[in-house]
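Secondary and tertiary structure notes
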Amino acid sequence: MTPAAVRPANLQRAVPGWLVLLCLAAWLAALAWARWLTLPDEGRYAGVAWEMLRSHSPMVPLLDGMPYFHKPPLYYWLAQISFSLFGVNEFSARIPSLIGAWSAGAGLYAFVSRYRNVVQARWAVAILGLTPLFFGAAQFANMDMLVASMITLCVLAAADTALRRGQGRPFRAMSVATGVLAALAVLAKGLIGLALPGAIVLAWLLLRRDWRGMRALLWVPALLAFAVVAVPWFWLMQVKFPGFFHYFFVYQHFERFAQSGFNNAQPIWFYVPIVLGLALPWSIWGVALFTRAFWREADPHGLRRLMAIWIAVVVVFFSIPQSKLIGYVLPVFPPLALLISERIAPAWAAGRRRGAVIAVAIAAVICVGAVIAASTNPRGSAGPAMQTLRSEMRPQDGQVALHALPFDLGFYTQASAPAWIVDNWQDPEIPTRDNWRKELYDAAQFDPVAGKRVLVDNADLIARLCASADGARFWIWGRDDDASRYPAITGVPARIAGETRAVWRLDIDAAFRRRVCTGTSLLR
């Protein structure tokens, strides 16, 4: 039975599209509040957005008060809006990812409804929303879901443009929408937002020999729409911070893509088990995709080939560099959901429903279980500590982190100024290692004044504390063994003491000055 033949009218009327998408939104968002921010990624990106909001710097991303250009600003913009509307909390920090995931599902539903049928569209959305990695990424505050969703919408809009052009239907509005979505993908995570959908759609159009579709996508107003949305922020950053273009495009894109020595090195086959394992139980249904019979069936509009190209381009592209993260492969799940729905929807219509029901139940258990498990492990988040300290901490209190960067510290303390990060900032190895120190070092190159203010050498900490006004209060974040290494906190009872985190309160008063401000060196 071909996909186009599955059109039972009673099922089409059973669940309207708006209810399908409402259920998707409720499912994705239901547990998005249940975890502390996960370090480093969620703490880093939510913290940057909070810092931008606190500093009234809506255009320039700020990491601990310094310009931070590892990623473009789309997540930060959405998170700032979310914080302003709903407060600074974990759920608000994840709203941009939730919006992206829901948008991908809505776009997939509309596309499959148009070029297959609404029954299959419901299944495609259900499979996507119940894919464990997609579900988890929808509740994770970083750029991966946003760029995956924008790539998804861009590819679907581009394919719709070409198909409309081939059928003689109006296509220009969709062509412009494709340009805007490509621009948003670039603003979500850089040039891959253009390179990936461009490669996918180009390969599909070449395979179809669809020259009219190609011309429709290269329509001048669509290109102008892309430029109007994508270019201004990058141009503004280069004007304000000379050297931005080289750092963002050359270093962050091409050098990091081509070079080794970065974190997260993985073998070339890394994404194959990731996709198969984190798409369970749906990947079991996906076995049929590797049979000749599946590819010999009727394929109206060539959608199966488009989805196969889509998956192949994403997996191959991200398998090339040595540095690999799980979230990079998120764009494969919408096309995988469509392909699997090509099998499940006909089986369901034919009355073979047991396997689909079991798959839905297992997928739901995996998704919910994963969130519950993650919620029991804060993984170094400052959130649990702040539950204890919030009643005595003031926004104007200074925050000091010893030899570490707690990325979510500003988010949870909502301090009125960036934290001091105390370490050996004269170490010549810092610029050569891919870690949090290099992130701060790079940020300080764009604003040396801010860097000097927040990056404090070990030897300078006591002088900084002693120069503070009477009545000032500082919270020192470190480890329990730091009390023996830093005289400023020696003999001070820790407000929180643990193996991985300890917090001390220092009040700048006469007693502190008598004890500490006597020319004693910082480290023993």
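Since the structure is predicted, the reported quantities are computational estimates derived from the model, not experimental observations.

We now examine the overall build of the chain. Summing up its helical and strand segments, the chain has 25 helices and eight strands in all. Compactness check: the chain gives a C-alpha radius of gyration of 26 Å against a globular reference of 24 Å for 524 residues, within 12% of the reference. Its C-alpha atoms give the chain principal-axis dimensions of roughly 85 × 50 × 40 Å. Scored against the burial criterion, the 524 residues of the chain give a buried share of 53%. Taking as baseline every contact in the chain between residues at least 6 positions apart, the subset at least 24 positions apart corresponds to 78%. For the chain, the accessible surface area stands at approximately 22300 Å², while carbon and sulfur atoms represent 64% of it. If you average the places of the 49 positive and of the 31 negative side-chain charges in the chain, the two averages end up 14 Å apart.

Quick look at the sheet that holds strand E5 (residues 455-457) now. To summarise the sheet geometry, strands pair through backbone hydrogen bonds and adopt either a parallel or an antiparallel arrangement. Strand order in the open sheet formed by six strands is E5-E4-E3-E6-E8-E7, with mixed pairing between adjacent strands. The open sheet has two free edges, formed respectively by E5 and strand E7 (496-497), since each of these has just one partner strand.

Moving on, we get to the environment of Leu 163. Among the secondary structure elements, Leu 163 is positioned in helix H8 (residues 144-167). C-alpha separation for the pair Leu 163 and Arg 212, spaced 49 residues apart in sequence, amounts to 9.6 Å. Beyond its immediate sequence surroundings of up to four residues, Leu 163 is in contact with Tyr 115, Trp 204, Arg 208, His 301 and Leu 303.

Enumeration over the complete set of coordinates arrives at 25 salt bridges. In this structure, the salt-bridge partner of Arg 304 is Glu 297, at a minimum N-O distance of 3.0 Å. For Arg 304, a relative accessible area of 1% puts it in the buried group. A salt bridge links Arg 304 to Glu 342; the nearest nitrogen and oxygen atoms lie 2.6 Å apart. With a gap of 38 residues between them, Arg 304 in helix H17 (residues 303-319) and Glu 342 in helix H18 (residues 333-349) connect regions that are remote in the sequence. Just as Arg 304 is buried, Glu 342 falls in that class too. Within the structure, one salt-bridge network assembled from shared partners comprises Glu 392, Arg 394, Asp 397, Arg 473, Arg 495, Arg 505 and Asp 507.

Take the state of the cysteines next. Enumeration according to the criterion identifies one disulfide in this entry. The disulfide partner of Cys 466 is Cys 517, and the gap between their sulfur atoms is 1.9 Å. The sign of the -100 degrees torsion about the S-S bond sets the Cys 466-Cys 517 disulfide as left-handed. Residue Cys 466 is located in helix H24 (residues 461-466), and its partner Cys 517 is located in the segment after helix H25 (510-516); the two are separated by 51 residues in the primary sequence. In this model Cys 23 remains outside any disulfide bridge; the closest cysteine sulfur is found in Cys 367, 15 Å from its own. In this structure Cys 23 comes out as partly exposed when scored by relative accessible area, which is 46%. Given a relative accessible area of 2%, Cys 367 falls into the buried group.

Membership of the largest hydrophobic core comes to 148 residues, with the highest contact counts inside it found for Tyr 75, Phe 333 and Trp 477. If you look at the next biggest cluster of nonpolar residues, it comprises 21 residues, including Val 400, Ile 462, Ile 476 and Val 516.

Further remarks concern unusual backbone geometry. Omega for the peptide link from Leu 39 to Pro 40 comes to 5 degrees, which places this bond in the cis form. The residue Pro 40 is located in the loop between helix H2 (17-29) and helix H3 (41-54) in this model. Its identity as a non-glycine residue notwithstanding, His 56 has a phi of 55 degrees, on the positive side. With respect to the element layout, His 56 can be found in the loop between H3 and strand E1 (62-63).

A word on empty space enclosed by the protein. As enumerated under the stated definition, the model contains four cavities of 30 Å³ or more in all. Taken as a whole, the largest cavity spans an internal volume of roughly 210 Å³. Each pocket or cavity is described by its volume, and for the second largest cavity that value is around 50 Å³. Considering the residues around the second largest cavity, the lining is formed by Asp 144, Val 147, Ile 151, Lys 189, Ile 192, Leu 196, Phe 318, Gly 327, Tyr 328 and Pro 331. Residue contributions to the lining of the second largest cavity peak at three residues, all from H8.

In the predicted model, the chain carries a mean pLDDT of 92, and 95% of its residues have values of at least 70. Of all helices and strands in the chain, the one with the weakest mean pLDDT is helix H1 (residues 9-14) (52), whereas helix H4 (residues 74-86) scores best (98). Per-residue pLDDT stays below 50 along residues 1-12; that stretch engages in 23 contacts with residues further than four places along the chain or on separate chains. Here residues 520-524 scores under 50 on pLDDT; set against residues more than four positions off or in separate chains, the count is 19 contacts.

Given a rise of 1.5 Å per residue, 18 residues ought to cover 26 Å, and the 26 Å separating the end C-alpha atoms of helix H9 (residues 172-189) matches this to within 8%. Ser 175, Thr 178, Gly 179, Leu 181, Ala 182, Ala 183, Ala 185, Val 186, Leu 187, Ala 188 and Lys 189 are the residues of H9 that are buried. Gly 190 sits one or two residues past H9 and shows a positive phi near 100 degrees.

A separate point is a nonpolar patch on the surface. Taken together, the side chains of Met 59, Val 231, Trp 235, Leu 236 and Val 239 define a hydrophobic patch exposed on the protein surface, amounting to about 450 Å² of accessible area. On the secondary structure map, Trp 235 appears in helix H12 (residues 220-240).

Right, let's get into the pairing of strand E3 (residues 398-402). Among the five residues that make up E3, five are buried, leaving the element largely enclosed by the rest of the structure. The side-chain alternation of E3 yields two buried faces, one formed by Gly 398, Val 400 and Leu 402 and the other by Gln 399 and Ala 401. Pairing geometry for E3 and strand E6 (residues 473-478), over four bridges, is parallel. Across the sheet, Val 400 pairs through a bridge with Ile 476, a residue of E6. Taken together, the three bridges between E3 and strand E4 (residues 420-423) define a ladder with parallel strand orientation.

Counting through the fold element by element, Arg 352 comes out in the loop between H18 and helix H19 (354-375). Residue Arg 352 is classed as exposed on the basis of its relative accessible area, which comes to 55%.

Consecutive side chains of a regular strand alternate in pointing toward one face of the sheet and then the other. Counting buried residues in E6 gives six out of six residues, a clear majority hidden from the surface. Direction of pairing for E6 relative to strand E8 (residues 502-507): antiparallel, over a ladder of six bridges. Directly across from Ile 476, in E8, lies its bridge partner Trp 504.

Reading the values: rules and limits
- Residue indices begin from 1 for each chain and proceed along its sequence in written order.
- Totals for whole chains, interfaces and linings use all residues, but because this is a predicted model, local features are given only for residues with pLDDT of at least 70 and pairs of side-chain atoms are given and counted only at 80 or more.
- Remark: hydrogens and water are excluded; side-chain values derive from all non-hydrogen atoms of the structure.
- Comment: elements are numbered from the N terminus, with helices defined as DSSP H or I runs of at least four residues and strands as E runs of at least two.
- Note that the radius of gyration is over C-alpha atoms, with the globule rule given as 2.2 Å times the number of residues to the power 0.38.
- Relative accessible area decides the class of each residue, using a 1.4 Å probe on protein chains only: under 20% of the type maximum gives buried, over 50% gives exposed, and in between gives partly exposed.
- Only heavy atoms enter the contact rule, under which two residues are in contact if any of them lie within 4.5 Å.
- Calculation of accessible area relied on Shrake-Rupley with a 1.4 Å probe; when residues are assessed, cover is drawn exclusively from the protein chains displayed.
- We score Asp and Glu as negative and Lys and Arg as positive, and we do not count His or the chain ends.
- Charge placement uses NZ in Lys and CZ in Arg. For Asp and Glu, CG and CD serve respectively.
- For two strands to pair, DSSP has to find at least two bridges joining them.
- Here, a salt bridge means any Lys or Arg side-chain nitrogen found within 4 Å of an Asp or Glu carboxyl oxygen.
- Counting rule for disulfides: a pair of cysteine sulfur atoms within 2.5 Å.
- Think of a nonpolar core as a cluster: buried Ala, Val, Leu, Ile, Met, Phe, Trp, Tyr and Cys residues, connected wherever their side-chain atoms sit within 4.5 Å.
- Here the term cavity refers to a set of points on a 1 Å grid, laid over the protein atoms alone, in which a 1.4 Å probe fits but cannot get out; the term pocket refers to an open set having protein on both sides within 12 Å along at least five of seven lines, with lining residues being those that place an atom within 4 Å of a point.
- Grid points are joined across faces, edges and corners, and a volume is the space filled by probe spheres set on the points.
- pLDDT expresses, on a scale from 0 to 100, how confident the predictor is about each individual residue.
- Each helix should span, by expectation, one fewer than its residue count multiplied by 1.5 Å.
- Each patch is built from salt-bridge-free residues with over 30% relative accessible area, joining like charges within 9 Å and nonpolar side chains (Val, Leu, Ile, Met, Phe, Trp, Tyr) within 5 Å.

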